[in-house]
Amino acid sequence: MRRYRCLFLCLAVLLMTGACGEPEIPEVGIIGGWTTAGCEFSRTPESVDVGGRTWPVTPKPLEAAIGRIDEAGRTQHKSSYAGIEVDQQRVRAIVYRVPSAAFDDFIRNAAENTCIFVRDARYGMHELATWHDRLRADIPAWQARGIFISTISARHDGVGLEIGTPDVDQAREQLPRQYGRKAPLIFIEEGPVMPLAGTGIPTAPQPGG
């Protein structure tokens, strides 16, 4: 009798453990986020006819809100702000940021009655700009080692720093050895084009979402 009681208790513990396991953590920037109050209202996309063709345009209120958020993100909240994109079809903007209560409060106020969708980012603009400058300074050293870096650009969604190179396999093997396996580097195949003199601060692609 004692043996069967023990077996029953063990099975019960296993069932409870399976039912109460830790929830799966969603990938950063893919699931989750929040929206401003203006997203509760539906809006019709705007367009303009130019040269016999119809082009989508960003409504003035949304354009103004994007300007306010982008300026503050680049200056006051650059450790959190990663970038922004415009979704003209849904008449909204998507802001990527490392979670920050202060920046979130600013976004809510700056949005006014427009729709802003806020999503998590793994890295902020300031951190990616620092990595950009470091990688750019090391271009001659990597070239001497046979790895040509064509472009360096920060992803506007804060996922990491894109390294364009014709030597993808070598770069993917050698650069993490130099900068660490956790360095925010994304390798893409690209021809031998020298990077611009700027810092690669992310811009706002259109449309998106």
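In what follows, the accompanying structure is described. Because the structure is predicted, anything quoted here is derived from the model rather than measured. (Residues numbered from 1 in each chain as written. Predicted model: local features only at pLDDT ≥ 70, side-chain atom pairs only at ≥ 80, totals over all residues. Heavy atoms only, no water.)

**Here we look at the packing of aromatic side chains**
Step number 1: What the rule picks out here adds up to three aromatic pairs.
Step number 2: Ring centres 5.8 Å apart and planes at 80° place the aromatic pair Tyr81 and Phe103 in the edge-to-face group. Linking Tyr81 in strand β4 (residues 81-87) with Phe103 in helix α3 (residues 101-111), this pair joins segments that are 22 residues apart in sequence. Grouping residues by exposure puts Tyr81 and Phe103 together as buried.
Step number 3: Centroid distance Trp142 to Tyr179: 6.0 Å. Interplanar angle 55°. Geometry classified as tilted. With Trp142 in helix α5 (residues 139-144) and Tyr179 in helix α6 (residues 168-179), this residue pair connects regions lying 37 residues apart in the sequence. An identical accessibility class is assigned to Trp142 and Tyr179; each is buried.
Step number 4: Ring-pair connections join several aromatic residues into one group, and the members of that group are Trp131, Trp142 and Tyr179.
Step number 5: Lying over the aromatic face of Trp34, Arg108 brings its terminal NZ or CZ to 4.3 Å of the ring centre. (Phe/Tyr/Trp six-rings, centres within 6.5 Å; stacked < 30°, edge-to-face > 60°. Helix = DSSP H or I, 4+ residues; strand = E, 2+ residues; numbered from the N terminus. Buried < 20%, exposed > 50% of the residue type's maximum accessible area, 1.4 Å probe, protein only. Lys NZ or Arg CZ within 6 Å of the ring centre and 35° of its normal.)

**Observations regarding the state of the cysteines**
A disulfide bridge is the covalent bond that connects two cysteines by way of their sulfur atoms.
Step number 1: Taken as a whole, this structure holds one disulfide when the rule is applied.
Step number 2: Residue Cys39 pairs covalently with Cys115 via a disulfide, S to S 1.9 Å. Every disulfide takes its handedness from the sign of the S-S torsion; for Cys39 and Cys115 that torsion is 95°, giving right-handed. With Cys39 in the loop between β1 (34-35) and β2 (46-50) and Cys115 in the loop between α3 and β6 (116-120), the pair connects residues that are 76 residues apart, well separated along the chain. (Disulfide = S-S within 2.5 Å.)

**Topic: helix α4 (residues 125-137)**
Step number 1: Taking 1.5 Å per residue as the helical rise, α4 with its 13 residues ought to reach 18 Å, and the 18 Å between its terminal C-alpha atoms agrees with that figure.
Step number 2: Taken as a whole, α4 has its buried residues at Met125, Leu128, Ala129, Trp131, His132 and Leu135. Along α4, the residues classed as buried sweep out an arc of 160° about the axis, all on the same side. (Expected span 1.5 Å × (residues − 1). Arc of directions from axis to C-beta.)

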